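Fold and contact review
Spelled out, the chains give:
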Amino acid sequence: MKKELKTPKKEKIKSANSLRKKGERGKRISCVFLSPSILGVLVFFVVPFLVVIYYSVVDNPINHSFVFLDNFRNVFNNGAFRQAAFNTMKFSLIAVPLAVVLALGLALLLDSKIPFRSQFRTFFLTPMMVPIASIVLIWQVLFHYNGMVNDVIGLFGAGKIDWLKSDYAQIVIIVLFLWKNLGYNMILFMAALSSIPKDILEVAVLESAKPRQIFFYIKLRYLSSTLLFVTIMSLINSFKVFREIYLLTGSYPYNTLYMMQHFMNNTFGSLDYQKLSAAAIMMSIVMVILIGILFLTENYFGKDVEG
Amino acid sequence: MLALQFTGCGKTDEVQETAGTQDKDYIYAADYQDLEADGYTTGSMIFGEDEKVYFAGSSEEGIKQLFSMDIGAGESTASPVPVELEADAYISAIGTDSEGNLLLGIVKYADTAVNIAADNVNAAEDDNVSAEDAGSGIGGVEIRKISLDGQTLESVDVMNVLGKVKDLYIQNVLADKDGNYYVNANQSVYVLKPSGEMLCELQAGTYIQSLFRMKDGTVVVGFYGDTGWRLQSVDLSGKALKDLNSSISFGYGTYQAGVDADILYTQDTKLYTCNLSDTEPTEVLDWLESDINSTSLQSVKLLKDGRIAALSMDFMSEQSKPELIVLTKKDRSEVSGKTTLTYGTVIVPYYLSNDIAAFNKQSDKYRIEVKQYGDDSMDDDARVALLAADLAGGKGPDLIDMVFNFTSLDKFISMGALEDLTPYLENDAVIKREDYFENVLNTYARDGKLYAIIPCFGISTIVGKVSDVGDKKSWTMDDTINLMDSKPEDTQILDYNTKNSILQLLCSMNMGEFVDAETGTCDFTGGEFKRILEFSNQFPKEVSNDSDSGFVDRIRNGQLILMQGNITSVQQFQMYEYIFKEEINFIGYPTIGESGSVIRSNGTTAGMNVNSKNKEGAWEFLKFNLTKDRQENLQLANGGFPTMKEALEKQFAKDVEAEYYEDTDGTQKEKSKSTWTYGSGTDNITMDVYSATQEQVARVREIIEQSVGLDGTESEEMLSIISEEAQSYFEGQKSADDVAALVQNRLQTYINETR
């Protein structure tokens, strides 16, 4: 009897051991499969970030004297850094909402039954296929002091405007940014719109919901994760607009076009690694906060539709 | 950031690969020997087809003699080769034919020579003085073929052909397998038939550096042409020079026939050998590793036993003597007991090779090795970035070249890469800071710290007549504009300058006035910058090809008012006086500051790596160029003024001292100190400059004392922004106010960023 009683317990223990072994083996296998990625993340993200942190707290890369927050203080008080931070923030605050709202509007428009839908979609996607060098060339032809836009406004008797070296400069770059990014955002929204359950929309129509109500109470809820993704992508792209500005206007553009990446790029060029590192860390903190806020917002608005 | 480090590491390895042969386990150890026979001064010298060196000597009594020395047999004394020479004849060049016989280019003085009258400065303007007018002074020219024991095999009188050549100077002579002679003289190769008749004259249009016969019999010339270094073969059927067909990129250097390969040549600091069909040359050795200044090499011989012999003559040194250098391959550990220091540079100029070779030769504790950053495919910024990456990675050189990195001085200072040399200079037991020009030393000083030592310098300035610019020490933009306004409309103010070049020049001179480094603000919207824009706009957009026509006449009759000049010697000052033909003032570039004359480095100028493990050795090298011996020999070597006051005074004493020689008719003639050619095309003038007066020396001293170093406020980026914005003003599209506002806007960002 004792034996009989003992056997299942042993089996249980045996099977628990076997499970544990299997789990450990699984963990080991997972580690093997994960190790290339972990190594990549360590080598290309974690270690460089630690190096950047180190550089940000030493006086220069040669003496390596610890200066604690001096570099951060210097960077924060630097006029160019403040200018770059202000311009980047201003650009992102204007360009990102526009890129999201206009793209969503276009997606809703093309989602409805309008003629030439396919042609419009292709039209808005075209800028994605144009290489950056060509985009810059097009913008130069258009907005140079002797460019086409000035020729056109000249026909109406207006004087020439130095579009890229005046207070209009940021408007020109916002237009360029929207032209380049609207198509991609629109496609993402169209895909999200098509995945909204049709039965819910039909029920809403049957329940006499108005289009405005359907949009705000159903569609927008289902689009929340896409909205978050598009906003983050647009935010990242708004930082990347440096590439276009640099190719159009060089390292030191008109002051309203001087972005954070100009500051980073130029301080790297002048071998001022400690200033570059401090600025990079400050910028990454801001980015983490911004993206954190976006995630919280998405969680709040989208939780009920994601189950 | 790490990616940056990785990139830097990769590039550094690449640099180390190209930096030399330091990683080899062997080295060529050099033995030096004066190449001269007792009582004779050595002239032309050559390696024969055997392992002997042949050289011409002339005694003070006027006896000329050919000598030989068998290096293969280890001889160290010269033996005369019996060659009969007339009393007035001398051996101008020695060469070989394809059978290994010697060829002598013999020139005989004329009995009487027509001499050019000389006073303080004597100018012979090429347009007006022909060979006949000046008198060639040549009584005969002969090419003599002799056996190796001196027996005359053939003698060809070529007076009818070469005697007509103005100021004939035969550099090289050789013969091909058909017996044709090739004479390199006065920017041409004269090809003569075996009978001495002219077959053709092949003009290079410039000094021909090398003439040699390859193993397949092809005769090759090497010279620095308009488009760079040219290596061309003589095409007798087409009577022309044709580019050699090779994928190797040949550069300026000393070229000769190889032994087993087509060509043996020295380029930069290295000896290479190659066949024309090769894609890359084979490096034989790095001359600098053996402490040899490659720029002084005349000829190289690969000996059968593996040793390498070289003939060297340092024309830049007063005490120079022709030397025979024999290099023997030895194990590196066997030879080098010295501590090795590295000298990081983006380029290796001749004076750097010279200084390093001289330092290594005399130091029993240290030796310097050059680490060159980048290659020809890179621009200056990319090269400096490589150097900076090495410095940041803690692998920087002990010594950092500052001549070609001047604009990076502030970058390196902000990186903390440069050691303050003030304590070294002030505490040194041998040299005293007060013995040197403080304003010159300060060229590389910032905030009271000295970051590089400048041993030799020149002055960049503007020259004008006192009647035009007055006798003030400096002038402003307003003064310049007023001067222009007082002149007729077609008057030119400066030659060889464009709107952009003058704008950049004036802005770099006055940048300190526009930028307040203390507060980090700038003001380009005031009147001074606009005046610079307006002034620059008076210059042409591009320098036209005929702008030099009648140059001296235009200066003298007032059509051209000023000259931009670099003074590196009293003789240059004399040249400017001659050109203007009236009292002149080196007033400098228009400036709001105290002086518009700027000090420029003219020799090895280096700083010390703050992390160098051999600071004492690095200082030894920097100090070496400041020592009295080196300073007193610098002007000839570098063509600039020594920084040491006493050495400069000694140079001045030499400048005022007249030296004489006895002419063929027995009269005493003053020797010229130097010969200057100014201008180009048909308008050039050539002038011999003789001893200076005390007044002229006093004026040069005054210019040196009042000159200043640029304060480094300007940067290439700032000048580039100014140039870019100014174009729209020069093209009439924007007003000076609009341009000034844009410059203000962009430069303020730049200044903010660099704070």
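Starting afresh in each chain, residues are numbered from 1 along the sequence in its written order. Labels follow written order: the first chain is A, the first ligand is 1, and so on. Per-residue local features of the predicted model are confined to residues with pLDDT of at least 70, and side-chain atom pairs are confined, for both listing and counting, to 80 or more; whole-chain, interface and lining totals are unaffected and use all residues.

**Here we look at the interface of chain B and chain A**
- Facing 27 residues of chain B, the contacting portion of chain A comprises 28 residues.
- Under the DSSP-based scheme used, a helix requires at least four consecutive residues in state H or I and a strand at least two consecutive residues in state E, with every element numbered from the N terminus. Counting residues per element, the ones that place at least two in the side of chain B that touches chain A are α1 (2-18), α6 (380-392), α7 (409-415), α21 (716-730) and α22 (736-754) of chain B.
- No other element matches the eight residues that α22 of chain B contributes to the side of chain B that touches chain A. It is the C-beta atoms, placed from the backbone, that decide contacts: two residues are in contact if theirs lie within 7 Å.

**As for the sheet that holds strand β25 (residues 323-331) of chain B**
Residue and element names in this part refer to chain B.
- Spatial strand order, β1-β25-β24-β23: four strands in an open sheet with antiparallel pairing. Where the open sheet ends on each side, the last strands, each with one partner, are β1 (26-34) and β23 (297-302). The average undirected angle you get between the axes of adjacent strands in this sheet is 25 degrees.
- We call two strands paired when DSSP finds no fewer than two bridges between them. When strand β24 (residues 308-312) meets β25, the two strands line up antiparallel, connected through five bridges. The residue bridging Leu311 from the neighbouring strand is Leu324, located in β25. Angles run from 0 to 180 degrees between N-to-C directions of axes, and those axes are lines fitted to C-alpha atoms, restricted for helices to the stretch in contact.

**A short note on the pairing of β24 of chain B**
All names here are of chain B.
- Most of β24 is tucked away: five of the five residues are buried.
- With C-beta atoms placed from the backbone, a residue is labelled by how many other C-beta atoms lie within 10 Å of its own: buried for 20 or more, exposed for 12 or fewer, partly exposed between the two. Of the two faces of β24, both are covered, the one formed by Ile308, Ala310 and Ser312 as well as the one formed by Ala309 and Leu311.
- A loop of five residues connects β23 with β24, the two strands running antiparallel in sequence, and Gly306 in this loop sits at a positive phi of about 95 degrees.

**Structural notes on the domain arrangement of chain B**
Residues and elements named next belong to chain B.
- What marks off one domain from the next here is an automatic or database domain assignment. The domains assigned to chain B are domain 1 (338-457 + 602-651) and domain 2 (458-601 + 662-754).
- The C-alpha-based centres of domain 1 and domain 2 are spaced at 28 Å.
- Listed as interface residues are 19 residues of domain 1 and, on the opposing side, 13 residues of domain 2.
- Across the side of domain 1 that touches domain 2, the residue classes break down as seven nonpolar, ten polar and two charged. Three classes are used: nonpolar for Ala, Val, Leu, Ile, Met, Phe, Trp, Tyr, Cys and Pro, charged for Asp, Glu, Lys and Arg, and polar for all others, with Gly counted as polar.

**So, the sheet that holds strand β17 (residues 228-235) of chain B**
Residues and elements named next belong to chain B.
- Strand order in the open sheet formed by four strands is β15-β16-β17-β18, and the pairing between neighbours is antiparallel. Strands with a single pairing partner mark the edges of an open sheet, and in this sheet they are β15 (208-213) and β18 (240-243). Ignoring which end each strand starts from, the neighbouring axes of this sheet average 35 degrees apart.
- For β17 and β18, the ladder comprises four bridges, and the chain directions are antiparallel. Considered in β18, the bridge of Asp235 is made with Ala240.

**A word on the environment of Glu323 of chain B**
Residue and element names in this part refer to chain B.
- Along the chain, the position of Glu323 falls in strand β25.
- Taking C-alpha positions, Glu323 is 8.2 Å from Ala310, a pair spaced 13 residues apart along the chain.
- Among residues more than four places away in sequence, those in contact with Glu323 are Tyr32, Gln33, Asp34, Leu35 and Ser312.

**Some thoughts on the UniProt feature "transmembrane region" (unreviewed entry) in chain A**
All names here are of chain A.
- UniProt positions are given in the numbering used here, feature names are shortened, and annotations may be inferred rather than shown by experiment. When the UniProt feature table is mapped to this numbering, "transmembrane region" (unreviewed entry) covers residues 29-55, 91-110, 122-142, 168-193, 214-239 and 276-297.
- Structurally, residues 91-110 is divided into 100% helix and 0% strand, and its ends, taken at the C-alpha atoms, are 28 Å apart.
- In residues 168-193, the share of helix is 96% and the share of strand is 0%. The end C-alpha atoms are 36 Å apart.

**Details of the UniProt feature "domain: ABC transmembrane type-1" (unreviewed entry) in chain A**
- In the UniProt entry, the feature "domain: ABC transmembrane type-1" (unreviewed entry) is given for residues 85-294 of chain A.
- Across residues 85-294 of chain A, the secondary structure splits into 78% helix and 0% strand, with the terminal C-alpha atoms separated by 20 Å.

**Re the packing of helix α4 (residues 117-129) of chain A against helix α7 (residues 169-194) of chain A**
All names here are of chain A.
- Put simply, α4 and α7 touch, their axes get as near as 7 Å, and they point 120 degrees apart. One element, α4, and the other, α7, form an angle in the oblique class. With respect to the hand of their crossing, α4 and α7 are arranged in left-handed fashion. Of α7, the residues touching α4 (which contributes Phe124, Leu125, Pro127 and Met128) are Trp179, Lys180, Leu182, Gly183, Tyr184, Met186 and Ile187.
- Each residue belonging to the contact of α4 with α7 can be placed in one class, and the counts come to nine nonpolar, one polar and one charged. If an angle is under 35 degrees, it is roughly parallel; if it is over 145, roughly antiparallel; if it lies from 65 to 115, roughly perpendicular; otherwise it is oblique. By convention the crossing between two helices is left-handed if the near helix lies anticlockwise of the far one by an angle smaller than a right angle, and right-handed if it lies clockwise.

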